[in-house]
Amino acid sequence: MPAQDDMREAMLAAVPNLRAFAVSLCGDMDRANDLVQETLLRAWAHQDSFEPGTNMSAWLFTILRNHFRTEYRKRRREVEDADGGYAERLTSPEAQTGHVEFGELREALLHLPPDQREALILVGASGFSYEEAAHICECAVGTIKSRVNRARKKLAELLTIELEPEPESAPQVLIRRAV
Amino acid sequence: MPQTERLEESPKRLSRDIQRKIGQQLRAMYTDVVNEGVPDRFADLLRRLDDKNK
C-alpha cells in the first residue's frame, strides 16, 4: 500500500520540526517528546482526514498545537486546584531540556501567553507564512500578525538585559539590572 | 544637526537590533532541536503502526 508508506515517510520527515515546535511551546524536552508521540498516534489514526495535496506539515502542527492547548488547560486547572499557583511549578528550562545556551530565551518564551508564543514560533522559527500560521491556529491573519508583534515586543522587554549593546548607546536598558 | 538626528534615531535602531538578535536566537534555538533528527522511539513507533496496518 504505497499511500501508507508515503504517509509514514512524510510523518517521519516532520518529526524534527514537530519536536522543535513542541519544546518551544512547553519548555520541557520529555513533555515535548510525549506531545510529538501523541501527535503521530492521532495523525495515524485520522489519516483519512488529511486532504492529499495539502500541506502535511501544517496538518501535523495543527494536531500538535490543539493537543498542547487541551493539555495546557487541563494541567493549569490541576495545578491551580492544588495550590493556586502555576509559575512556581516551572523549573528552570535548562534543567529540563539540557540546552543551556538558550536557557534565557526558553524561559522568556514561557512567560508569553500561549497564543503569542505559538504565533511567534510558527512565524519566526518554523518558517510558516502568516496565512499558514493563521490556518494552524484557526484565527484571522491579522490576529496572528498582532500576536507576533506583541510577542516580539514582550520578548525584547524580557531579554533586554541579556541583549544590551554598548552601555553608552542604551543607558535605559541598564536600569533593570540595578534593580 | 547630526547629533540631534542621532538621538532621535537611536531608540528605533536599538529596538531593530534587539529584534534582529531575538529572531536569530529563536531560529538558532529551534534549529538546534531540528538538527537532533528523528529519535529512535519515533521511527520505531511509526514502523509498528505501519506493520499493524499491513
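Residues numbered from 1 in each chain as written. Chains lettered and ligands numbered in written order. Predicted model: local features only at pLDDT ≥ 70, side-chain atom pairs only at ≥ 80, totals over all residues.

## Observations concerning the overall build of chain B
- Helix and strand content of chain B: two helices and zero strands.
- In chain B, which comprises 54 residues, the share counted as buried stands at 17%. (Helix = DSSP H or I, 4+ residues; strand = E, 2+ residues; numbered from the N terminus. Buried ≥ 20, exposed ≤ 12 C-beta atoms within 10 Å, placed from the backbone.)

## Concerning the nonpolar core
Residues and elements named next belong to chain A.
- Judged by nonpolar contacts, the single largest core of 49 residues is most densely connected at Ala22, Val36, Leu60, Leu64 and Ala133.
- The greatest single-element share of this core, amounting to 11 residues, is contributed by helix H1 (residues 2-26).
- Setting aside its immediate chain neighbours within four residues, Leu60 contacts Met11, Ala14, Leu18, Thr39 and Ala43. (Core = buried A, V, L, I, M, F, W, Y, C linked by C-beta atoms within 7 Å. Contact = placed C-beta atoms within 7 Å.)

## Quick look at the interface of chain B and chain A
- Listed per partner, the contact involves 28 residues of chain B and 30 residues of chain A.
- Those elements giving two or more residues to the side of chain B that touches chain A turn out to be helix H1 (2-34) and helix H2 (40-53) of chain B.
- Residue contributions to the side of chain B that touches chain A peak at 17 residues, all from H1(B).
- In terms of residue class, the side of chain B that touches chain A is made up of 14 nonpolar, seven polar and seven charged. (Nonpolar A, V, L, I, M, F, W, Y, C, P; charged D, E, K, R; others polar.)

## Structural notes on unusual backbone geometry
Residue and element names in this part refer to chain A.
- The phi angle at Glu138 is positive, at roughly 50°, despite the residue not being glycine.
- Along the polypeptide, Glu138 turns up in the loop between helix H7 (130-136) and helix H8 (141-163).
- Judged by the 10 C-beta atoms lying within 10 Å of it, Glu138 is exposed.

## Concerning the confidence of the model for chain B
- Per-chain confidence: chain B averages 83 in pLDDT, with 83% of residues scoring 70 or above.
- Complex prediction metrics read pTM 0.79 and ipTM 0.79. (pLDDT = per-residue confidence, 0-100.)

## A few points about the packing of helix H2 (residues 29-45) of chain A against H2(B)
- In contact at an axis separation of 11 Å, H2(A) and H2(B) are set at 20° when each is read in the N-to-C sense. The angle between H2(A) and H2(B) places the two elements in the roughly parallel class. For the element pair H2(A) and H2(B), the recorded crossing hand is right-handed. The segment H2(A) lies against H2(B), with A:Val36, A:Gln37, A:Leu40 and A:Trp44 engaging B:Phe42, B:Leu45, B:Leu46 and B:Leu49. (Axes fitted to C-alpha atoms, helices over the stretch in contact; angles between N-to-C directions. Parallel < 35°, antiparallel > 145°, perpendicular 65-115°, else oblique. Left-handed = near helix turned anticlockwise from the far one by under 90°.)

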